[in-house]
Amino acid sequence: MKTIKQLCGYHYIGLVIGYFSKQDIIKWVDTVIEDMEDFPYELIEVSLSNNKSLKETISMLKKASCENTLFEPLYKIIGELVTELEEARMTNENFFRYINNILDQGIALLVDDKLSKILDRLDDGYYLATQGIYGDIETIREEALEELKHFKNYK
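Residues numbered from 1 in each chain as written. Predicted model: local features only at pLDDT ≥ 70, side-chain atom pairs only at ≥ 80, totals over all residues. Heavy atoms only, no water.

Caption draft 1: Local environment of the overall build of the chain. When helices and strands are tallied, the chain shows eight helices and zero strands. Relative to the compact-globule value of 15 Å for 155 residues, the chain shows a C-alpha radius of gyration of 16 Å, a close match. C-alpha atoms of the chain, sized along the principal axes, occupy 50 × 30 × 30 Å. When burial is assessed residue by residue, the chain has 46% of its 155 residues classed as buried. Sequence separation of at least 24 residues holds for 64% of the intrachain contacts in the chain that already meet a minimum separation of 6. (Helix = DSSP H or I, 4+ residues; strand = E, 2+ residues; numbered from the N terminus. Rg over C-alpha atoms; globule rule 2.2 N^0.38 Å. Buried < 20%, exposed > 50% of the residue type's maximum accessible area, 1.4 Å probe, protein only. Contact = heavy atoms within 4.5 Å.)

And the structure:
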């Protein structure tokens, strides 16, 4: 990540999909405020949001990022999910829950049509496999890793 706005976008996306907790975000923001001289004012509000709703914290964090900076942070999150699944640091269930959450937030996260179709197909495949309707979980897991492996290049 190159800019504080991109880092804010990365943490915003992670919070929206449940990859990060509100406490994770507040801890990160506190570190940013401590270590950086120049940061978006909204991060102070995020730092003080412990008693605010999750929705309010998400809104403040989104303001600190810039909507046109969300593509790269989204790709970085997907790359991290792939790495964690590959290295067995994440269960199939959690991985596909995050994929589903990205789909649910698609418009807000600016998911492009091509990525949306890939994620939708993988999400549907996982559902069908877990219900015993079609396919198996290991096959859809391998398809997900293959389809999304190039996102690991985003740092």
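Moving on, there is more to tell.
Caption draft 2: Main features of unusual backbone geometry. Phi is positive for Ala 88, which is not a glycine, with a value near 60°. Relative to the helices and strands, Ala 88 is located in the loop between helix 5 (71-86) and helix 6 (92-104).

Caption draft 3: Representation of the environment of Ser 116 within the structure. Here Ser 116 shows up in helix 7 (residues 113-130). C-alpha of Ser 116 to C-alpha of Ile 102: the two residues are 14 residues apart in sequence and 8.8 Å apart in space. Setting aside its immediate chain neighbours within four residues, Ser 116 contacts Leu 103 and Val 111.

Caption draft 4: Highlighting the nonpolar core. Membership of the largest hydrophobic core comes to 46 residues, with the highest contact counts inside it found for Tyr 19, Leu 43, Leu 61, Phe 95, Leu 115 and Leu 148. Of all the elements in the fold, those that place two or more residues in this core are helix 1 (4-16), helix 2 (22-35), helix 3 (42-47), helix 4 (54-64), helix 5, helix 6, helix 7 and helix 8 (137-148). (Core = buried A, V, L, I, M, F, W, Y, C linked by side-chain atoms within 4.5 Å.)

Caption draft 5: Region of interest: the environment of Ile 26. Tracing the chain through its elements places Ile 26 in helix 2. Exposure remark for Ile 26: the relative accessible area of 7% places this residue in the buried category. Each C-alpha atom, one on Ile 26 and one on Gln 105, is 22 Å from the other, the two residues being 79 residues apart in sequence.

Caption draft 6: Up close: helix 5. The terminal C-alpha atoms of helix 5 lie 23 Å apart, and with 16 residues this matches the ideal 22 Å at 1.5 Å per residue to within 8%. The buried count for helix 5 comes to 12 of 16 residues, which makes it a mostly enclosed element. All buried positions along helix 5 are accounted for by Glu 72, Pro 73, Leu 74, Tyr 75, Lys 76, Ile 77, Ile 78, Gly 79, Leu 81, Val 82, Glu 84 and Leu 85. Check the buried side of helix 5 and you find it contacts helix 1, helix 6, helix 7 and helix 8. Once helix 5 finishes, Ala 88 follows within two positions and takes phi at roughly 60°, a positive value. (Expected span 1.5 Å × (residues − 1).)

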